[in-house]
Amino acid sequence: MEFKSVRELIKAFPDEQTCINHLEQLRWNGNVVSPFDATSKVYKCTGNKYKCRNTGKYFNVRTLTLFDNTKIQLRTWFLAIFLATAHKKSISSIQLGRELNVTQKTAWFMLKRIRNCFGIDSVETDIDNDGKLSGSDVIFEEDET
């Protein structure tokens, strides 16, 4: 799915269950596969959870994805992905936090996972002996702060 605006995204995903259903369709296309053992039979449990017969481990659609082990709602994740990819020069964690009504720390965590998942490289920089930032072909920009 491709969205042209935040409004379209919110309309397409009005609640958490719609997000879960969409992810399950994208990930498994109606045939749930255990992330722990692809050959195992899978049992559907309550609360959108599944159980791998061979390993005995429980999992859900978030397991082993960028959404794994977070309490952040999928709808918030979807909005963060949209906002992070819609900006030409990325978005700061401060601005993303404001847009999503989450803390800067949460927004930073989300951006880190999104950039890692999408292969968006972060520039590695070091501080040299003179206290100056350095890196290979590094361009620094500043804003109003």
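Residues numbered from 1 in each chain as written. Predicted model: local features only at pLDDT ≥ 70, side-chain atom pairs only at ≥ 80, totals over all residues. Heavy atoms only, no water.

A few words now on the pattern of salt bridges. Here the structure, examined in full by the defined rule, presents 1 salt bridge. We note a salt bridge from glutamate 16 to arginine 62, for which the minimum N-O separation is 3.3 Å. Separated by 46 residues along the polypeptide, glutamate 16 in helix 2 (residues 16–28) and arginine 62 in the loop between strand 3 (58–59) and helix 3 (74–86) bring together distant segments of the chain. A residue is classified by how much of its surface remains accessible, and glutamate 16, at 22% relative accessible area, is partly exposed. For arginine 62, a relative accessible area of 12% translates into the label buried. (Salt bridge = Lys/Arg side-chain N within 4 Å of Asp/Glu carboxyl O. Helix = DSSP H or I, 4+ residues; strand = E, 2+ residues; numbered from the N terminus. Buried < 20%, exposed > 50% of the residue type's maximum accessible area, 1.4 Å probe, protein only.)

Our next topic: helix 2. In an α-helix, one turn spans 3.6 residues; hence positions three or four apart end up facing the same way. With 13 residues, helix 2 extends 18 Å from end C-alpha to end C-alpha; this agrees with the ideal 18 Å at 1.5 Å per step. Those residues of helix 2 not exposed but buried are Cys19, Ile20, Leu23, Glu24 and Trp28. Projection of helix 2 onto a plane perpendicular to its axis shows the buried side chains occupying an angular sector of 135°, all on one side. Just beyond helix 2, the residue with positive phi is asparagine 29, at close to 50°. (Expected span 1.5 Å × (residues − 1). Arc of directions from axis to C-beta.)

A word on the layout of surface pockets. Taken as a whole, the second largest pocket holds about 440 Å³ of empty space. Forming the walls of the second largest pocket are 16 residues, and the residues nearest its centre are His22, Leu26, Phe78, Ile81 and Phe118. At the level of elements, helix 2 and helix 3 are the ones that each hand at least two residues to the lining of the second largest pocket. Per-element tally for the lining of the second largest pocket: the top contributor is helix 3, with 4 residues. Here the lining of the second largest pocket is composed, by residue class, of 13 nonpolar, 3 polar and no charged. (1 Å grid on protein atoms, 1.4 Å probe; cavity = no way out; pocket = protein on both sides within 12 Å on 5 of 7 lines; lining within 4 Å. Points joined across faces, edges and corners; volume = space filled by probe spheres on them. Nonpolar A, V, L, I, M, F, W, Y, C, P; charged D, E, K, R; others polar.)

Right, let's talk about the packing of aromatic side chains for a bit. In this structure the tally under the stated criterion is 9 aromatic pairs. On the basis of an interplanar angle of 80° and a centroid distance of 5.6 Å, the ring pair of tryptophan 28 and tyrosine 50 is categorised as edge-to-face. With tryptophan 28 in helix 2 and tyrosine 50 in strand 2 (residues 50–52), this pair connects stretches of sequence that are 22 residues apart. Note on tryptophan 28: relative accessible area 8%, which makes it buried. Classification of tyrosine 50 as buried rests on a relative accessible area of 6%. (Phe/Tyr/Trp six-rings, centres within 6.5 Å; stacked < 30°, edge-to-face > 60°.)

A separate point is helix 3. Given a rise of 1.5 Å per residue, 13 residues ought to cover 18 Å, and the 18 Å separating the end C-alpha atoms of helix 3 matches this to within 8%. Of all the positions in helix 3, only Leu74, Thr76, Trp77, Phe78, Leu79, Ala80, Ile81, Phe82, Leu83 and Ala84 are classed as buried. For helix 3, the elements touching its buried residues are helix 1 (6–12), helix 2, helix 4 (93–100) and helix 5 (104–117). (Contact = heavy atoms within 4.5 Å.)

This paragraph deals with the environment of glutamate 16. In sequence terms glutamate 16 and leucine 74 are 58 residues apart; their C-alpha atoms lie 6.3 Å from each other. Residues within four places of glutamate 16 in sequence aside, it is in contact with Arg62, Gln73, Leu74 and Arg75. Among the polar contacts made by the side chain of glutamate 16, one reaches the side chain of arginine 62 at a distance of 3.3 Å. (Polar contact = N/O pair within 3.5 Å; in protein donor to acceptor, adjacent residues only side chain to side chain.)

Once that is clear, we can look at the confidence of the model for the chain. Of the residues in the chain, 83% have a pLDDT of 70 or more, and the chain-wide mean is 86. Every residue in residues 123–127 is under pLDDT 50, and counting partners more than four places away or in other chains gives 13 contacts. (pLDDT = per-residue confidence, 0-100.)

This part covers the nonpolar core. Ranked by internal contacts, the top residues of the largest apolar core, which has 30 residues, are Phe67, Trp77, Phe78 and Leu96. Going through the elements one at a time, helix 2, strand 2, helix 3, helix 4 and helix 5 are the ones with two or more residues in this core. Among the elements that line this core, the one with the most residues is helix 3, at 9 residues. Those residues in contact with phenylalanine 78, other than ones at most four positions away along the chain, are Leu9, Phe13, Cys19, His22, Leu23 and Phe67. (Core = buried A, V, L, I, M, F, W, Y, C linked by side-chain atoms within 4.5 Å.)

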